[in-house]
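Architecture at a glance
One letter stands for each residue in the lines below.
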Amino acid sequence: MILQIDAKLTKRMVDAAEAAFPAEACGLIIGRGTGQLVRVTRVVPAGNLLAASEDRFELDPAVRVAVEKELREAGTKDRLVGHYHSHTDGSAEPSATDRAMAHEPELAWVIVGVLDGQAIQTLAHRLDEKRGQFRPVPIRTPKVK
């Protein structure tokens, strides 16, 4: 999988991560494509039910249910392709908690590393079920014409 994410969508995730600091931000990633390249078409912020914690997140399930219902009813090729969240220690690498909570290997995990309220790194990952570990997912940002 390669995620193609426009700069404006990356900025939305980064802005949400910085705004949520010192808590973790989270949201859903919607896109299309069934082959190697998945084009992200939008990001949907979601409430973090564990916002009182500085190192945990739980995406509000009502947001996910609503988005999946909307996608089914719209009948487009868009689908849930992943989710994003932030880490407040500056790292955009998956944590042990992320590994323990990853149950959908088909979804990408985009992590925004935030340090002292400023995003410093954005990386994507995907769970390798056989190895029980995350592997990197390249992010491609198309050139603006």
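Residues numbered from 1 in each chain as written. Predicted model: local features only at pLDDT ≥ 70, side-chain atom pairs only at ≥ 80, totals over all residues. Heavy atoms only, no water.

Now for helix 2 (residues 61–74). Spanning 14 residues, helix 2 covers 20 Å between terminal C-alpha atoms, matching the ideal 20 Å at 1.5 Å per step. When helix 2 is considered as a whole, its buried residues turn out to be V63, V67 and L71. For helix 2, the buried positions fall inside an angular range of 65° around the axis, keeping them on one side. Within helix 2, the exposed residues directed more than 90 degrees away from the buried face are V65, R72 and E73. Next to the buried residues of helix 2 lie strand 2 (26–32), strand 3 (37–46) and strand 4 (79–87). Where helix 2 ends, the next residue or the one after it, G75, has phi of about 65°, a positive value. (Helix = DSSP H or I, 4+ residues; strand = E, 2+ residues; numbered from the N terminus. Expected span 1.5 Å × (residues − 1). Buried < 20%, exposed > 50% of the residue type's maximum accessible area, 1.4 Å probe, protein only. Arc of directions from axis to C-beta. Contact = heavy atoms within 4.5 Å.)

Before going further, it helps to examine the pairing of strand 5 (residues 108–115). Side-chain direction in a regular strand flips from residue to residue, so the side chains alternate between the two faces of the sheet. Of all eight residues in strand 5, seven are buried; the element is thus mostly enclosed. As paired strands, strand 4 and strand 5 are joined by six bridges and run parallel to one another. Residue pairing in the sheet places H87 in a bridge with G113 of strand 5. Crossover connection from strand 4 via helix 3 (residues 96–101) to parallel strand 5: handedness right-handed. Where strand 5 folds back on strand 6 (residues 118–128), the antiparallel hairpin that results is connected by two residues, among which D116 adopts a positive phi of roughly 50°. (Pairing = 2+ DSSP bridges. Right-handed = clockwise from strand over helix to strand, strands pointing away.)

What follows concerns the pattern of salt bridges. Evaluated as defined, the whole model comprises six salt bridges. R32 serves as the salt-bridge partner of D78, at 2.7 Å between the closest nitrogen and oxygen. Of this pair, D78 sits in the loop between helix 2 and strand 4 while R32 is found in strand 2, placing the two residues 46 residues apart along the sequence. Between E73 and K69 there is a salt bridge; the shortest N-O distance is 3.7 Å. Pair noted here: E73 and K69 are both in helix 2, with a separation of four residues, about one helical turn. E73 gets classed as exposed once you look at its relative accessible area, which sits at 60%. When salt bridges that share partners are traced, they join R64, E68 and E104 into one network. (Salt bridge = Lys/Arg side-chain N within 4 Å of Asp/Glu carboxyl O.)

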